[in-house]
Amino acid sequence: MPEENGDGKSKTGILEKAKDSAAALRETLTEKAKQQATELKEPEKTQLYRSIFRVKHDEEPRNRALSVLSNVFFHLHPAKVNRDATKYNFTWGMGGITFYLFIVLTFTGVLLMFYYHPSKIQAFRDILYLENDVPFGKLLRNMHRWAAHLMIIAVWLHMFRVFMTGSYKRPREFNWCVGVLLMVLTMLLSFTGYLLPDDQLGFWAVTVGTNMARATPLLGNEGPGGPQMGMTPYNDVRFALLGGSIVDANALLRAYIWHCIAIPLIVAIFLGVHFWRVRKDGGISGPAPVMLESEIKEERSPRPVILRPSGMG
Amino acid sequence: MPFDWRQIWEVASAPDNVPIVALLFLAPFYMWYALRQGIANDKLIAILESDAQAAKTKYRKTQEWDPKWEREVHTWPYLMRMEFLVAILVTVLLMAWSLTLNAPLEEPANPNVTMNPAKAPWYFLGLQEMLVYFDPWIAGVVMPTLIIVGLMVIPYIDSNPLGNGYYTYKQRRFSIWTFLVGFIGLWVLMIVIGTFIRGPGWMWFWPGQTWDAERVDYAVNRNLDQIFGIDGSWLAPIFHTTKDQAAIWARAIFGIFPLVIFFIVAAILVHWVCTRTEFSKKIYKRMSLLQLVTMYTFLILMLSLPIKILLRLVFTIKYIWVTPWFSI
Ligand code: HEM
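Residues numbered from 1 in each chain as written. Chains lettered and ligands numbered in written order. Predicted model: local features only at pLDDT ≥ 70, side-chain atom pairs only at ≥ 80, totals over all residues. Heavy atoms only, no water.

### Remarks on the overall build of chain B
- A count of helices and strands for chain B gives 12 helices and 1 strand.
- Starting at the N terminus and ending at the C terminus, chain B contains elements arranged as α-α-α-β-α-α-α-α-α-α-α-α-α.
- Relative to the globule expectation of 20 Å for 328 residues, the C-alpha radius of gyration of chain B, 26 Å, shows a markedly less compact shape.
- The dimensions of chain B, computed from C-alpha atoms along their principal axes, are 90 × 55 × 35 Å. (Helix = DSSP H or I, 4+ residues; strand = E, 2+ residues; numbered from the N terminus. Rg over C-alpha atoms; globule rule 2.2 N^0.38 Å.)

The structure is reproduced here in structure tokens:
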């Protein structure tokens, strides 16, 4: 029967087709899976990776350079550096450590801000809450505190190594000055944070610290020339710093705003300048070949009299 | 009195003082580390200076070198792997520190209960210690300004072109000594004193002495004019003023002399140090008048700190120059 036959044929045909395609599918799937697996071994070849990092990554010089240059974070670096500068012993990594600690502080600081209210009523309780109830709150607070102390030590040691390698000499004079301001800002950042727990330690430290501002010449009510300028405890610089004549709610709010917003922003701007200048000044200063005394060149550019070599001595 | 170990431990282990204890080790370590590399370079310099041929051909660094090597290497991976490694190490260290030591939290702030001693954060203790020797407007305002400006002028007054980008001691003796005296001798040392030596009432307690809040210091501080017995009241009839007025003026005028003498002696001393060796003289000649004046001013001001500290601690002299408006 053609119909039956046809039916039977078509039935077996469908079955077979299904079997066939299932087998084919199995094969291509395993094939595909294998392919996918091998591709995953080289994630840098995937479309996803390339869309993010923009360049192929093969182990060849051009791509090593491009992987640095085409990444917005990495391109702080040049593509290549002085081979001896990659060792620990020249820079001690101190600038980098300082920067890393600044990032850690920003991160932990933002997390702390979720739990902290800069008001006399709540500030101290928030710290207690952080210490006792917030998951990992104590660790968070400790890390923020100790990273701040470490950053100060690191910034001093960074300055020390920059001095000892003579890296402030031409053409890096200005970057040294930027660095000095960064150091001052780092210490101010730490100092403004000291008041925020609103405990005895911070209160008296800030009281002692800002009491000195009373004595500012001309601008403090106890400074030389201050009273003559009309300074009283209610209008001098200390008042401006504290938002009052005593360390109280306004001082807490001001410290909070300086600490969490203003100074970090200023530091970020100066850091941008600092890093940019490191690059513009020709990268890290060394380790440079040593120079001999006999190789000192006379300075010749004409300068105004007061700036000319004195020739004295 | 017995040696009080507990007191020492109490101060050294106060959580906020741990960074200073760390600094006590870190500062000398890195000083040694820098000077060691400087001395290694100095040896190389000595060789190159005595051998003109070597100066032309030798690799002028103490680092290993092979002519086949490239002078520059790829940032990735050679530098960045170090950076990531250091970042991980710092993180581990910070974690360990944060897990073992808790940030301090005292009682809630209370203006009616004074902390004794009331100390600034450790990194400002150098300035707080200066309050002992100078009036607050100097210690708290003038001195920080001078420190900041003084640091910033360093690149502009150091006209020694040697030692740019490598560690050395011999080529930069004077600047290195100056910096070490300022950084270690004044800044770090004052912090250490402020932390470990100054107890209640900001009184001086030697290590091992118990911090006794009841102690009273009877040391009487005098001003220089009192030691010299300056009494200008006899001038009153000459200037047609009261005796008190005349005494004040006499004191103010008297104080100018020691200051002037100090400035002259210090200037001579600084000048002597700056021109002591042939090399120093050479650098000195390269400096402009503006650079010289700036450098001398800052060096003399820096020198005035240890002098004032000495006068105060050893000779219990408070002021050198007393005027109706300010005293130094
Ligand atoms: C927030 C503080 C600071 C950060 C994050 C920072 C970061 C850096 C980094 C990452 C470098 C690259 C080389 C290295 O790691 O040593 C650098 C170089 C430099 N820094 Fe800083 N720095 C800071 C403060 C300072 C201070 C206080 C000074 C000096 C007073 C300074 C002066 C310089 C100079 C002159 C260079 C160029 C060094 C060279 O070419 O060898 N910086 N800084």
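### A short note on the nonpolar core
- Of all hydrophobic cores here, the largest spans 105 residues; its most connected members are Trp 156 and Trp 176 of chain A together with Trp 122, Tyr 123, Met 130 and Phe 179 of chain B.
- When residues of this core are assigned to their parent elements, the largest contribution, 18 residues, is made by helix H7 (residues 137–164) of chain A.
- Other than its neighbours up to four places away in sequence, Tyr 123 of chain B contacts His 149, Ile 152, Trp 156, Met 187, Ser 190, Phe 191 and Tyr 194 of chain A together with Trp 187 and Ile 191 of chain B. (Core = buried A, V, L, I, M, F, W, Y, C linked by side-chain atoms within 4.5 Å. Buried < 20%, exposed > 50% of the residue type's maximum accessible area, 1.4 Å probe, protein only. Contact = heavy atoms within 4.5 Å.)

### Here's the deal with the interface of chain A and chain B
- Tallying the contact residues gives 106 residues for chain A and 114 residues for chain B.
- The junction of chain A with chain B conceals about 10400 Å² of combined surface from both sides, 70% of it contributed by carbon and sulfur atoms.
- Taken together, the links from chain A to chain B amount to 6 salt bridges.
- Among the salt bridges present, the one from Lys 61 of chain B reaches Asp 84 of chain A, with a minimum N-O distance of 2.9 Å.
- Between the two partners, chain A and chain B, sit 51 residue pairs in polar contact (both at pLDDT 80 or more). (Buried area = accessible area lost by both parts, 1.4 Å probe. Salt bridge = Lys/Arg side-chain N within 4 Å of Asp/Glu carboxyl O. Polar contact = N/O pair within 3.5 Å; in protein donor to acceptor, adjacent residues only side chain to side chain.)

### With respect to the packing of aromatic side chains
- Summed over all chains, the structure comprises 38 aromatic pairs over all chains.
- On the numbers, 4.9 Å between centres and 80° between planes, the contact of Phe 99 of chain A with Phe 275 of chain A is edge-to-face. Separated by 176 residues along the polypeptide, Phe 99 of chain A in helix H5 (residues 94–113) and Phe 275 of chain A in helix H11 (residues 249–280) bring together distant segments of the chain.
- Taking relative accessible area as the criterion, Phe 275 of chain A reaches 23% and is therefore assigned partly exposed.
- Judged by centre distance (5.1 Å) and plane angle (65°), the rings of Tyr 123 of chain B and Phe 124 of chain B are edge-to-face.
- Residue classification places Tyr 123 of chain B among the buried residues on the basis of a relative accessible area of 0%. (Phe/Tyr/Trp six-rings, centres within 6.5 Å; stacked < 30°, edge-to-face > 60°.)

### Some remarks on unusual backbone geometry
- For the bond from Arg 170 of chain A to Pro 171 of chain A, the omega torsion is 5°, close enough to zero to count as cis.
- Structurally, the position occupied by Pro 171 of chain A is in the loop between H7 and helix H8 (173–195).
- With omega at 5°, the peptide bond leading from Trp 76 of chain B into Pro 77 of chain B counts as cis.
- By the secondary structure assignment, Pro 77 of chain B is in helix H4 (residues 75–100).
- Backbone geometry at Asp 198 of chain A places phi at a positive 60°, although glycine is not the residue there.
- Inspection of the secondary structure puts Asp 198 of chain A in the loop between H8 and helix H9 (200–214).
- The phi dihedral of Thr 316 of chain B is positive, around 45°, even though this residue is not glycine.
- Here Thr 316 of chain B shows up in the segment after helix H12 (289–315).

### Thoughts on the pattern of salt bridges
- On inspection of all chains with the given rule, the structure shows 15 salt bridges over all chains.
- Between Asp 198 of chain A and Lys 120 of chain A there is a salt bridge whose closest N-O contact spans 2.9 Å. Of the two residues, Asp 198 of chain A sits in the loop between H8 and H9 while Lys 120 of chain A sits in the loop between H5 and helix H6 (123–132), which places them 78 residues apart along the sequence.
- A residue is classified by how much of its surface remains accessible, and Asp 198 of chain A, at 6% relative accessible area, is buried.
- Across the salt bridge formed by Asp 281 of chain A and Arg 277 of chain A, the nearest N and O atoms sit 3.1 Å from each other.
- Judged by relative accessible area, which is 11%, Asp 281 of chain A ranks as buried.
- Several salt bridges converge on common partners, so that one network encompasses Asp 4, Arg 6 and Glu 10 of chain B.

### Structural notes on a nonpolar patch on the surface
All names here are of chain A.
- Taken together, Leu 253, Ile 257, Trp 258, Ile 261, Leu 265 and Ile 266 make up a surface patch of nonpolar side chains, about 530 Å² in accessible area.
- Among the secondary structure elements, Leu 265 is positioned in helix H11.
- Note on Leu 265: relative accessible area 53%, which makes it exposed. (Patch = residues over 30% accessible without salt bridge, like charges linked within 9 Å, V, L, I, M, F, W, Y side chains within 5 Å. Areas by Shrake-Rupley, 256 points an atom, 1.4 Å probe, with all protein chains shown as cover.)

### Some words on the site of the ligand
All names here are of chain A.
- Near the ligand you find 26 residues, and of these His 158, Arg 161, Gly 179, His 274 and Ser 285 are the closest.
- A distance of 3.1 Å separates an oxygen atom of the ligand from a polar atom in the side chain of Ser 167.
- Between an oxygen atom of the ligand and a main-chain N or O atom of Ser 285, the distance comes to 2.9 Å.
- Taken together, the elements giving at least two residues each to the shell around the ligand come down to H5, H7, H8 and H11. (Near = heavy atom within 4 Å.)

### Focus: the coordination of the iron atom of the ligand
Residues and elements named next belong to chain A.
- At the metal site, the iron atom of the ligand is ligated by His 158 (NE2) and His 274 (NE2), and these contacts range over 2.0 to 2.1 Å.
- Note that the iron atom of the ligand binds 6 donor atoms; their angles at the metal cover 86 to 178°, and the shape is octahedral. You can see His 158 sitting in helix H7 and its partner His 274 sitting in helix H11, a full 116 residues away along the chain.
- Classification of His 158 by relative accessible area gives buried; the value is 18%.
- Assessed through its relative accessible area of 12%, His 274 is described here as buried. (Donors = N, O, S within 2.8 Å, 3.2 Å for Na, K, Ca; no water. Tetrahedral: all angles 85-135°; square planar, octahedral: opposite > 155°, others 65-115°.)

### Quick notes on the side chain of Arg 172 of chain A
- In this structure, Arg 172 of chain A sits in the loop between H7 and H8.
- Here Arg 172 of chain A sits buried without a salt bridge, and the closest side chain of opposite charge, Asp 281 of chain A, lies 5.1 Å off (N-O distance).
- In this structure the side chain of Arg 172 of chain A is engaged in a polar contact, spanning 2.8 Å, whose partner is the backbone oxygen of Gly 283 of chain A.
- The residues touching Arg 172 of chain A, leaving out its near neighbours within four places in the chain, are Ser 167, Asp 281, Gly 282, Gly 283, Ile 284 and Ser 285 of chain A together with Asn 164 of chain B. (Lys, Arg positive; Asp, Glu negative; His and termini not counted.)

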